[in-house]
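# Inside the fold
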Amino acid sequence: MVNRFDQFYYAIDSYIIFFYRVTGIGMVDYMVGTFCLSLIAVLLGELTISLAIRFNTPYLTGLSQRMKEKEALSIKAYETGDMVGYKALNKEATDVWGRKFFAMLAHSAAILWPVPFALGWMQTRFAGIDFPIAFPFSLVTDSVGYTFSFFPIYVLARIVFGKFRPHLPYFASVHRKLGEMSA
């Protein structure tokens, strides 16, 4: 299994390392390359969630409709004084809400699957390299590895992509669909 990952990282290495050689200035290239790698991970995650949502839209829509029906029926039962019916219908609505919540949580987790692969590739290139850090972090340790810098850059890439997503041709429709699903 490890050998297959090594083969995968070797196959993509020449494409990814290009981003780490843009300016010829070591630290600038590292930041630019890591941002581009993070952006690729963000794009792959966003494509994955868009496909998952397109595939699961009928299921999620059905859950939303059932939840609304059960909520409306439970309110009617409450208004008529049927507390047993109200509690039963409210429990059913809550169960459906839980299914929808965990389905959306699973979709959200699909965004992150490329991150371990990005870190795996970075390990092949930056495993022995330590970056010195400044005060106040230097009180804890003198240097950090590539993972310490990857995550803030990944968050920045996610924020930048989030700002552009509503304006990108394919992702604008995905953005609208995510808004509909969360409502």
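Residues numbered from 1 in each chain as written. Predicted model: local features only at pLDDT ≥ 70, side-chain atom pairs only at ≥ 80, totals over all residues. Heavy atoms only, no water.

## Here we look at a nonpolar patch on the surface
Among the surface-exposed residues, F5, F8, I40, L44, L47, L51, W113, F117 and Y170 lie close enough to one another that they form a single nonpolar patch of about 760 Å² accessible area. If you list the elements that add at least two residues to the nonpolar patch, you get α1 (2-16) and α2 (26-80). By the element assignment, L51 lies in helix α2. By relative accessible area, which is 55% here, L51 ends up exposed. (Patch = residues over 30% accessible without salt bridge, like charges linked within 9 Å, V, L, I, M, F, W, Y side chains within 5 Å. Areas by Shrake-Rupley, 256 points an atom, 1.4 Å probe, with all protein chains shown as cover. Salt bridge = Lys/Arg side-chain N within 4 Å of Asp/Glu carboxyl O. Helix = DSSP H or I, 4+ residues; strand = E, 2+ residues; numbered from the N terminus. Buried < 20%, exposed > 50% of the residue type's maximum accessible area, 1.4 Å probe, protein only.)

## Some thoughts on the confidence of the model for the chain
Across the chain, the average pLDDT comes to 87, with 95% of residues at or above 70. Highest mean pLDDT in the chain belongs to helix α5 (residues 146-164) (94); lowest belongs to helix α6 (residues 169-182) (72). (pLDDT = per-residue confidence, 0-100.)

## Thoughts on the pattern of salt bridges
The final tally for this structure, using the stated rule, is 5 salt bridges. As a salt-bridge pair, R158 and E46 come within 2.9 Å of each other at their nearest N and O atoms. Taken as a pair, R158 in helix α5 and E46 in helix α2 lie far apart in primary sequence, 112 residues in all. Its relative accessible area of 23% is what places R158 among the partly exposed residues. Taking relative accessible area as the criterion, E46 reaches 2% and is therefore assigned buried. Close ionic contact of K70 with E92 constitutes a salt bridge, the shortest N to O distance being 2.9 Å. One end of the pair, K70, is in helix α2; the other, E92, is in helix α3 (residues 83-110), with 22 residues separating them in the sequence.

## Digging into α2
The largest bend in α2 amounts to roughly 60 degrees and is located at N56, with the proline P58 lying one to four residues further along. Residue G81 follows α2 closely and has a positive phi angle near 90 degrees. (Bend = angle between axes of the 7 residues up to and from the residue.)

## Looking at helix α4 (residues 114-126)
Relative to the 18 Å expected for 13 residues at 1.5 Å per residue, α4 spans 18 Å between its end C-alpha atoms, a close match to the ideal helical length. Taken as a whole, α4 has its buried residues at P114, V115, A118, L119, G120, W121, M122 and F126. (Expected span 1.5 Å × (residues − 1).)

## Considerations on the packing of aromatic side chains
The final tally for this structure, using the stated rule, is 19 aromatic pairs. For the ring pair Y20 and F126, a centre distance of 5.3 Å and an interplane angle of 45 degrees mean the geometry is tilted. Placement of the pair is Y20 in the loop between α1 and α2 and F126 in helix α4, with a sequence separation of 106 residues. Residue class for Y20 comes out buried when judged on its relative accessible area of 7%. The buried category is assigned to F126, whose relative accessible area is 11%. Members of the aromatic cluster, connected to one another through ring pairs, are F5, F8, Y9, W113 and F117. (Phe/Tyr/Trp six-rings, centres within 6.5 Å; stacked < 30°, edge-to-face > 60°.)

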